[in-house]
Amino acid sequence: MQRIYLDNAATSFPKPPGVCEAMQRYQRELGAPAGRGGYMRAVEVTAAIDRTRKRVADLLGAPAAERIVFAFNGTDALNM
């Protein structure tokens, strides 16, 4: 199995405007944990992550979006 490791966003600066806008929206409007609740904001956050996973899978040519895993940091990814 081929593994592609992309840790650029953890150390790149400055962040693209879209990244900052998405982070600010999450902090100001959503703030819910993904996959941990059935209330509206938690469902919205989970859906946004699922859409992102699909877009990354399409970008990388992954066979399925479920094969894309997001990690907190490099150590977390290695431990997975």
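Residues numbered from 1 in each chain as written. Predicted model: local features only at pLDDT ≥ 70, side-chain atom pairs only at ≥ 80, totals over all residues. Heavy atoms only, no water.

Caption draft 1: Region of the structure containing the overall build of the protein. Summing up its helical and strand segments, the protein has four helices and zero strands in all. Secondary structure elements of the protein occur, N-terminal to C-terminal, as α-α-α-α. Reported as C-alpha extents along the three principal axes, the dimensions of the protein are approximately 35 × 30 × 25 Å. The buried share among the 80 residues of the protein stands at 10%. Residue pairs in contact within the protein that sit at least 24 positions apart in sequence constitute 10% of those at least 6 positions apart. Of the roughly 6900 Å² of accessible surface on the protein, a fraction of 56% belongs to carbon and sulfur atoms. (Helix = DSSP H or I, 4+ residues; strand = E, 2+ residues; numbered from the N terminus. Buried < 20%, exposed > 50% of the residue type's maximum accessible area, 1.4 Å probe, protein only. Contact = heavy atoms within 4.5 Å. Areas by Shrake-Rupley, 256 points an atom, 1.4 Å probe, with all protein chains shown as cover.)

Caption draft 2: Representation of the confidence of the model for the protein in the model. Residues with a pLDDT of 70 or more make up 90% of the protein, whose mean pLDDT is 85. Considering each helix and strand of the protein separately, the mean pLDDT is smallest for helix 1 (residues 8–11), with a value of 61, and largest for helix 3 (residues 40–60), with 93. (pLDDT = per-residue confidence, 0-100.)

Caption draft 3: Region of interest: the pattern of salt bridges. Inspection of the entire model under this criterion finds four salt bridges. Each of Arg 25, Glu 29 and Glu 44 takes part in a single network of salt bridges with overlapping partners. (Salt bridge = Lys/Arg side-chain N within 4 Å of Asp/Glu carboxyl O.)

Caption draft 4: Just a nonpolar patch on the surface, in detail. On the surface, Ile 4, Leu 6, Leu 59 and Leu 60 cluster together to form a nonpolar patch covering roughly 430 Å² of accessible area. Summarising the element assignment, Ile 4 is placed in the segment before helix 1. What makes Ile 4 partly exposed here is its relative accessible area of 45%. (Patch = residues over 30% accessible without salt bridge, like charges linked within 9 Å, V, L, I, M, F, W, Y side chains within 5 Å.)

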